[in-house]
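# Structural overview
Each chain is listed here by its residues.
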Amino acid sequence: MGNKTKGLLALLGLGALAYWKYKNSSPEDQQAVKDKINTAKDNLNKWGNDLKNKANDVASQVQNKVDEAKTKAEDSLS
């Protein structure tokens, strides 16, 4: 078997073990896992939104610089 197949089988085995452990845990433990997953999801969404906002800021700054250069070029031609 190749390394990819072994890695995939190991990942599948870990997933099955985690699922079995989750299903056999107490409701409080299950809720704790759900809370951790929701917190991680919220953090990822926040990080993605922050990254998107920064990219939009940089894009608008670049657009402003292009507009300034265009205006200067038009003024120098006049």
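Report on the accompanying structure. (Residues numbered from 1 in each chain as written. Predicted model: local features only at pLDDT ≥ 70, side-chain atom pairs only at ≥ 80, totals over all residues. Heavy atoms only, no water.)

## Notes on the overall build of the chain
- Helices and strands together make up the secondary structure of the chain, namely two helices and zero strands.
- Here the chain has a C-alpha radius of gyration of 26 Å; the compact-globule value for 78 residues is 12 Å, and the former is much larger.
- Dimensions of the chain, computed from C-alpha atoms along their principal axes, come out at roughly 80 × 40 × 10 Å.
- The proportion of buried residues among the 78 residues of the chain is 0%.
- Charged side chains of the chain number 13 positive and 10 negative; the gap between the two group centres comes to 12 Å. (Helix = DSSP H or I, 4+ residues; strand = E, 2+ residues; numbered from the N terminus. Rg over C-alpha atoms; globule rule 2.2 N^0.38 Å. Buried < 20%, exposed > 50% of the residue type's maximum accessible area, 1.4 Å probe, protein only. Lys, Arg positive; Asp, Glu negative; His and termini not counted. Charge placed at Lys NZ, Arg CZ, Asp CG, Glu CD.)

## Observations regarding a nonpolar patch on the surface
- On the surface, a nonpolar cluster with roughly 370 Å² of combined accessible area is contributed by L14, L17 and W20.
- As for its position among the elements, W20 is in helix α1 (residues 3-23). (Patch = residues over 30% accessible without salt bridge, like charges linked within 9 Å, V, L, I, M, F, W, Y side chains within 5 Å. Areas by Shrake-Rupley, 256 points an atom, 1.4 Å probe, with all protein chains shown as cover. Salt bridge = Lys/Arg side-chain N within 4 Å of Asp/Glu carboxyl O.)

## A closer look at the environment of G48
- With respect to the element layout, G48 can be found in helix α2 (residues 27-77).
- Classification of G48 as partly exposed rests on a relative accessible area of 29%.
- Residues G48 and K34 lie 14 residues apart in sequence; the distance between their C-alpha atoms is 21 Å.

## Examining the pattern of salt bridges
- In the structure shown here, the tally under the stated rule is one salt bridge.
- As a salt-bridge pair, K46 and D50 come within 3.6 Å of each other at their nearest N and O atoms. Placement of both K46 and D50 in helix α2 is noted, with a separation of four residues, approximately one turn of the helix.
- On the basis of relative accessibility, which here comes to 54%, the residue K46 falls in the exposed class.
- Judged by its relative accessible area of 34%, D50 is partly exposed.

Remember, this is a structural readout, not a statement about activity or role.
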